[in-house]
Amino acid sequence: MRILVTGGAGYIGSNLVDRLMADGHQVYVIDNLSVGKIANIRHHLGSERFHFVNDSILNTTTMERLIRQVDMIYHLAAVVGVKYVVEDPLRGITVNVRGTETVLELAFKYWRKVLIASSSEIYGKSTSVPLSEDDDRVLGSTSVGRWSYSDSKAIDEYFAFAYGSKGLPVVVVRYFNSYGPRLDPKGYGSVIARFIGQALRGEPLTVFDDGLQTRCFTYIDDTLRGTIMAATVPEAEGQVFNIGSNRETSILELARLVLKITGAQTEIQHIPYAQVYGVEFEETRRRVPDVRRAREVLGFEAQTPLEEGLQRTLDWFRGQQGEQEEH
Ligand code: UDP
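### A closer look at the sheet that holds strand 6 (residues 170-175)
Within the open sheet, the 7 strands sit side by side as 3-2-1-4-5-6-11. Their pairing is parallel. Where the open sheet ends on each side, the last strands, each with one partner, are strand 3 (50-53) and strand 11 (240-243). When the angles between neighbouring strand axes are averaged without regard to direction, this sheet yields 20 degrees. Where strand 2 (residues 26-30) lies against strand 3, 4 bridges are found, and the strand directions are parallel. Counterpart to Tyr28 in the pairing with strand 3 is His51. In the packing of helix 1 (residues 11-22) onto the sheet, the strands contacted are strand 1 (2-6), strand 2, strand 3, strand 4 (72-75) and strand 6, and the crossing angle to strand 1 comes to about 165 degrees. Sitting on the sheet, helix 2 (residues 60-69) touches strand 1, strand 2, strand 3 and strand 4, and the angle it makes with strand 2 is about 165 degrees.

Here it is as structure tokens:
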């Protein structure tokens, strides 16, 4: 197939590209390299099955040219990560809403199947455990910048369902804290990247607040398997799926695990939220997916134990560090 991956030079996108290339597809990537990196896709640049466009998904001319050429689209390009969105809400809202609107409008025009990448941030600060796809969303005031990310993704989902109700084959996946190779070591999108980076530099691990807030960390291989299943199982069309592990881990537990596997001689430092995000920050204390729908409709279940995924991620980070030292 000819497949377009928006955000294909990013963390999940480039890992997806590797998989699609290995499966023999023609792969088209659009990425403006705002957080994506050429290094993530460089190994495909010589291939005649690989086509890279360095542009924004807001450029409708480029998008139309690409979407006309392909059979289906994985739409992963977005401003991702609470910290980036809090720092520049306008950019986050514009890219996430207008970008997805553009993708869906053109997919509708040329009748192409689309997978939309959404987020577990959708559920906001809901205290419901586990979170099932049809659960209520619980958000704070619009004066709290954090929730604009959740709402931007919710609008994306509404767009997807609206086009779906017109018959367009669409599917939505909500990622739960994905991690693995190619996470940005300096980035704010992932606490795992932050902790491994800090440990390797011998810096204290910055646990926000008491560290008793929990997440379900999902290794990239599982994230990808769930994504591809959602895009290919016919019964998935028109539906939304939680894609994640249901092993709940506190941030403090994670910090201890990172210290253990890295062997780093450093400490854990608790930092109040106010110091990191400003006083009006609100936190999601627990986030656990209900994985039944993915299991029943897709036959998907996350399989990689956290310890194993962390070890593989650490090996990759160490490799990167080695490369930097050589140059
Ligand atoms: N976190 C932390 N220290 C850091 C970065 C994040 O304690 O240096 C916490 C953060 O407060 C949240 C969790 O780790 O409770 C996961 O944060 P991340 O940014 O990875 O993803 P989120 O689930 O918030 O989108």
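### Considering the site of the ligand
Surveying the vicinity of the ligand reveals 16 residues, the closest of which are Val191, Thr206, Phe208, Arg215 and Glu283. Note that an oxygen atom of the ligand is positioned 2.8 Å from one of the backbone N or O atoms of Phe208. Alone, the ligand offers 520 Å² of accessible surface; in the complex the protein occludes 93% of this. Elements that contribute at least two residues to the shell around the ligand include exactly helix 6 (191-201) and strand 8 (205-208). In terms of residue class, the shell around the ligand is built from 7 nonpolar, 5 polar and 4 charged.

### A word on the side chain of Thr214
On the secondary structure map, Thr214 appears in strand 9 (residues 214-215). Only 2.7 Å separates the side chain of Thr214 from the side chain of Glu248, close enough to count as a polar contact. Contacts of Thr214, omitting those with residues within four sequence positions, involve Glu248, Thr249, Ser250, Arg285, Arg286 and Arg287.

### Re the packing of helix 2 against helix 4 (residues 89-110)
Contact pair helix 2 / helix 4: the axes reach a minimum separation of 10 Å and the direction vectors enclose 40 degrees. The angle between the axes of helix 2 and helix 4 places the two elements in the oblique class. Where helix 2 crosses over helix 4, the two elements pack in a sense that is right-handed. Between helix 2 and helix 4, the residues in contact are Thr60, Met63, Glu64, Ile67 and Arg68 and Thr102, Val103, Leu106, Ala107, Lys109 and Tyr110, respectively. By residue class, the composition of the contact of helix 2 with helix 4 is 6 nonpolar, 2 polar and 3 charged.

### Thoughts on the packing of aromatic side chains
Counting across every chain of the model gives 6 aromatic pairs. The interplanar angle of 50 degrees and the centroid separation of 5.5 Å between the aromatic rings of Phe108 and Trp111 together place this pair among those described as tilted. Residue Phe108 is classed as partly exposed on the basis of its relative accessible area, which comes to 30%. Residue classification places Trp111 among the partly exposed residues on the basis of a relative accessible area of 44%.

### Quick word on the pattern of salt bridges
Scanning all chains against the criterion turns up 21 salt bridges. One salt bridge in this structure joins Lys109 and Glu64, with 2.7 Å as the shortest N-O distance. Residue Lys109 is found in helix 4, and its partner Glu64 is found in helix 2; the two are separated by 45 residues along the sequence. Note on Lys109: relative accessible area 55%, which makes it exposed. On the basis of relative accessibility, which here comes to 22%, the residue Glu64 falls in the partly exposed class. Note that Arg174 and Glu157 form a salt bridge whose closest N and O atoms lie 2.7 Å from each other.

### Overview of the side chain of Thr313
Tracing the chain through its elements places Thr313 in helix 11 (residues 306-326). The contact partners of Thr313, leaving out residues within four places of it in the chain, are Tyr179, Gly180, Pro181, Ile196 and Tyr219.

### Structural notes on the pairing of strand 5 (residues 113-119)
Here is the key point about a regular strand: its side chains alternate between the two faces of the sheet. Burial analysis of strand 5 places 7 of its 7 residues in the buried class, the great majority of the element. Of the two faces of strand 5, the one carrying Lys113, Leu115, Ala117 and Ser119 and the one carrying Val114, Ile116 and Ser118 are both buried. The pairing of strand 4 with strand 5 spans 4 bridges and is classified as parallel. Of the residues in strand 5, the one forming a bridge with Met72 is Lys113. Note that strand 5 and strand 6 share 6 bridges and pair parallel. Bridging across to strand 6, Ile116 finds its partner in Val172. For the handedness criterion, the β-α-β arrangement of strand 5, helix 5 (residues 147-165) and strand 6 is classed as right-handed.

### Let's talk about the nonpolar core
Counting residues in hydrophobic clusters, the biggest one holds 56 residues, and the most contacted among them are Val5, Tyr74 and Leu298. Among the elements that make up this core, the one with the highest residue count is helix 8 (residues 251-262) (7 residues). The contacts of Leu298, once residues within four sequence positions are left out, are Gly226, Met229, Ala230, Val233, Ala236, Phe241, Ile243 and Arg293. Judged by nonpolar contacts, the second largest core, of 27 residues, contains Leu4, Met63, Ile116 and Leu168.

Rules used throughout
Residues numbered from 1 in each chain as written. Predicted model: local features only at pLDDT ≥ 70, side-chain atom pairs only at ≥ 80, totals over all residues. Heavy atoms only, no water. Pairing = 2+ DSSP bridges. Helix = DSSP H or I, 4+ residues; strand = E, 2+ residues; numbered from the N terminus. Axes fitted to C-alpha atoms, helices over the stretch in contact; angles between N-to-C directions. Contact = heavy atoms within 4.5 Å. Near = heavy atom within 4 Å. Polar contact = N/O pair within 3.5 Å; in protein donor to acceptor, adjacent residues only side chain to side chain. Areas by Shrake-Rupley, 256 points an atom, 1.4 Å probe, with all protein chains shown as cover. Nonpolar A, V, L, I, M, F, W, Y, C, P; charged D, E, K, R; others polar. Parallel < 35°, antiparallel > 145°, perpendicular 65-115°, else oblique. Left-handed = near helix turned anticlockwise from the far one by under 90°. Phe/Tyr/Trp six-rings, centres within 6.5 Å; stacked < 30°, edge-to-face > 60°. Buried < 20%, exposed > 50% of the residue type's maximum accessible area, 1.4 Å probe, protein only. Salt bridge = Lys/Arg side-chain N within 4 Å of Asp/Glu carboxyl O. Right-handed = clockwise from strand over helix to strand, strands pointing away. Core = buried A, V, L, I, M, F, W, Y, C linked by side-chain atoms within 4.5 Å.

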